[in-house]
Amino acid sequence: VKERGRAHYQFYRTDMNSAITNFLAIETHLRKAIEKGELFLHYQPQIDLVTGKARSFEALLRWNSIELGPVSPGLFIPLAEDTGLIISIGNWVIENACKQIRLWNKKGYTDFRVAINISPKQLQQPNFISYLKNALEKHNVHPSSLEIEITEGSMENTNEAVPALKKLKKLGITIAVDDFGTGYSSLSYLKQFPIDVLKIDQSFVKDIIGNDKDAAIASAIIHLGKSLGVEVIAEGVETALQADFLTKEECHKAQGYFFSKPLPANEAEEKYLSLPMV
Ligand code: C2E
Ligand code: CA
Ligand code: CA
Ligand code: CA
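Residues numbered from 1 in each chain as written. Chains lettered and ligands numbered in written order. Predicted model: local features only at pLDDT ≥ 70, side-chain atom pairs only at ≥ 80, totals over all residues. Heavy atoms only, no water.

### Some thoughts on the site of ligand 1
Reasoning step 1: As a structural note, the neighbourhood of ligand 1 is formed by 21 residues, with Gln44, Arg62, Gln202, Glu238 and Tyr257 the closest of them.
Reasoning step 2: One of the side-chain N or O atoms of Asp179 is found 3.4 Å from an oxygen atom in ligand 1.
Reasoning step 3: At 2.8 Å from an oxygen atom of ligand 1 is found a main-chain nitrogen or oxygen belonging to Tyr257.
Reasoning step 4: Within the complex, 81% of the 800 Å² of free accessible area of ligand 1 lies under protein.
Reasoning step 5: The cavity where ligand 1 resides is the largest pocket.
Reasoning step 6: Of all the secondary structure elements, the ones that give two or more residues to the shell around ligand 1 are strand E2 (54-65), helix H2 (73-83), helix H3 (86-106) and strand E6 (174-180).
Reasoning step 7: With four residues, the single largest contributor to the shell around ligand 1 is E2. (Near = heavy atom within 4 Å. Polar contact = N/O pair within 3.5 Å; in protein donor to acceptor, adjacent residues only side chain to side chain. Areas by Shrake-Rupley, 256 points an atom, 1.4 Å probe, with all protein chains shown as cover. 1 Å grid on protein atoms, 1.4 Å probe; cavity = no way out; pocket = protein on both sides within 12 Å on 5 of 7 lines; lining within 4 Å. Sits in = over half its atoms within 2 Å of the grid points. Helix = DSSP H or I, 4+ residues; strand = E, 2+ residues; numbered from the N terminus.)

### Digging into helix H9 (residues 212-228)
Reasoning step 1: Over its 17 residues, H9 extends 24 Å from the first C-alpha to the last, a length consistent with the 24 Å expected when each residue adds 1.5 Å.
Reasoning step 2: Taken together, the buried positions of H9 are Asp214, Ala215, Ala218, Ser219, Ile221, Ile222 and Gly225. Burial along H9 is one-sided: seen end-on, the buried residues are contained in an arc of 155 degrees. Of the exposed residues in H9, the ones pointing more than 90 degrees away from its buried face are Asp212, Lys213 and Ser227.
Reasoning step 3: Contacts made by the buried residues of H9 are with E6, strand E7 (197-200), helix H8 (202-205), strand E8 (231-234) and helix H10 (240-248).
Reasoning step 4: The N-terminus of H9 is capped by Asn211, whose side-chain oxygen sits 2.8 Å from the backbone nitrogen of Lys213.
Reasoning step 5: Looking at the residues trailing H9, positive phi occurs at Gly229, about 70 degrees. (Expected span 1.5 Å × (residues − 1). Buried < 20%, exposed > 50% of the residue type's maximum accessible area, 1.4 Å probe, protein only. Arc of directions from axis to C-beta. Contact = heavy atoms within 4.5 Å.)

### So, the packing of aromatic side chains
Reasoning step 1: One pass over the structure, following the stated rule, counts seven aromatic pairs.
Reasoning step 2: A ring pair is formed by Tyr189 and Phe193, whose centres lie 5.7 Å apart and whose planes are at 80 degrees; its orientation type is edge-to-face.
Reasoning step 3: We classify Tyr189 as buried; its relative accessible area is 7%.
Reasoning step 4: With a centroid separation of 5.0 Å and 70 degrees between ring planes, the pair formed by Phe258 and Phe259 is classed as edge-to-face. (Phe/Tyr/Trp six-rings, centres within 6.5 Å; stacked < 30°, edge-to-face > 60°.)

### A closer look at the coordination of the calcium ion (ligand 2)
Reasoning step 1: Within the protein, the calcium ion (ligand 2) binds to Glu58 (OE), Asn117 (OD1), Glu149 (OE) and Asp178 (OD); these donor distances fall in the range 2.1 to 2.4 Å.
Reasoning step 2: Positions of the donor residues of the calcium ion (ligand 2) along the chain correspond to the pattern E-x58-N-x31-E-x28-D.
Reasoning step 3: The distance between the calcium ion (ligand 2) and the calcium ion (ligand 3) is 4.0 Å, with Asp178 acting as a donor to both metals. In this pair, Glu58 is assigned in strand E2 and Asp178 in strand E6, connecting sequence segments 120 residues apart. Residues Glu58 and Asp178 agree in their burial class; the two are buried. (Donors = N, O, S within 2.8 Å, 3.2 Å for Na, K, Ca; no water.)

### So, the pattern of salt bridges
Reasoning step 1: A full pass over the atoms with the stated rule returns 15 salt bridges.
Reasoning step 2: Between Lys199 and Glu58 there is a salt bridge whose closest N-O contact spans 2.9 Å. In this pair, Lys199 is assigned in strand E7 and Glu58 in strand E2, connecting sequence segments 141 residues apart.
Reasoning step 3: The class for Glu58 is buried, based on a relative accessible area of 4%. (Salt bridge = Lys/Arg side-chain N within 4 Å of Asp/Glu carboxyl O.)

Here it is in structure tokens:
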């Protein structure tokens, strides 16, 4: 028994060590990702369930590391948050989303919005708003073309977050609450914060058809949004049945693999912006 235990322990140790080594390797390479040009953005269309068209996109960060290959944001974003790298990475996202918006504007597309994800740590930076404002001015982008997605985690520190978001709103930037319903105190946040969009978390959408409770929660969020005059977007829509359900419930928009995965900018443009005039 003792022998087996020891072997097991050693196996566990080796496993742990490689996990830690991987983590360090990811951090080391992530530190250089910006200068090496390994980051890029993909754009996932948000489909208007009445017109079937996309007038907004969520920008999602992609990292194709020369050494590690493609690394999932689910892995490197939390690491970037823990190490503070999220500030420079977040700034990169702001700059590059603005550049892309400007590029599309120059091609004659003006009637669209790009949503970017903002980490709680980023929003807490004292110079976050001036950074964002400068980026918009530098790239000659109208604030109404930009939306920021924040999570309930960003709203916990109410005394600081409320004035910050009010300033952003005053600039003309749209504010969306991401993963809505997965945090807590959501309802009091809705009262205090200047919110324009609620995004129903994919965990509720996933079983919207088979599970009565998920269906009830999704419908409740849609109706809440309607009563408050807030746009509602369902995330993670993967099937026609889910899309039908959301359309019947009069959800405004839907986002998910059923419509499109996140796309490189040129493909998003081709498929959703440059629709032939009729
Ligand atoms: P999120 O903001 O909730 O983004 C939605 C995630 O769901 C994205 O994963 C997207 O690719 C994925 N998705 C889209 N449609 C479907 C679908 O139909 N089914 C399923 N199962 N998934 C779908 P992704 O791109 O891997 O990003 C993961 C998370 O990483 C994001 O979750 C967000 O929290 C974070 N993230 C991504 N880009 C950024 C960024 O630029 N800044 C920050 N701070 N966080 C980011
Ligand atoms: Ca998001
Ligand atoms: Ca989300
Ligand atoms: Ca999420």
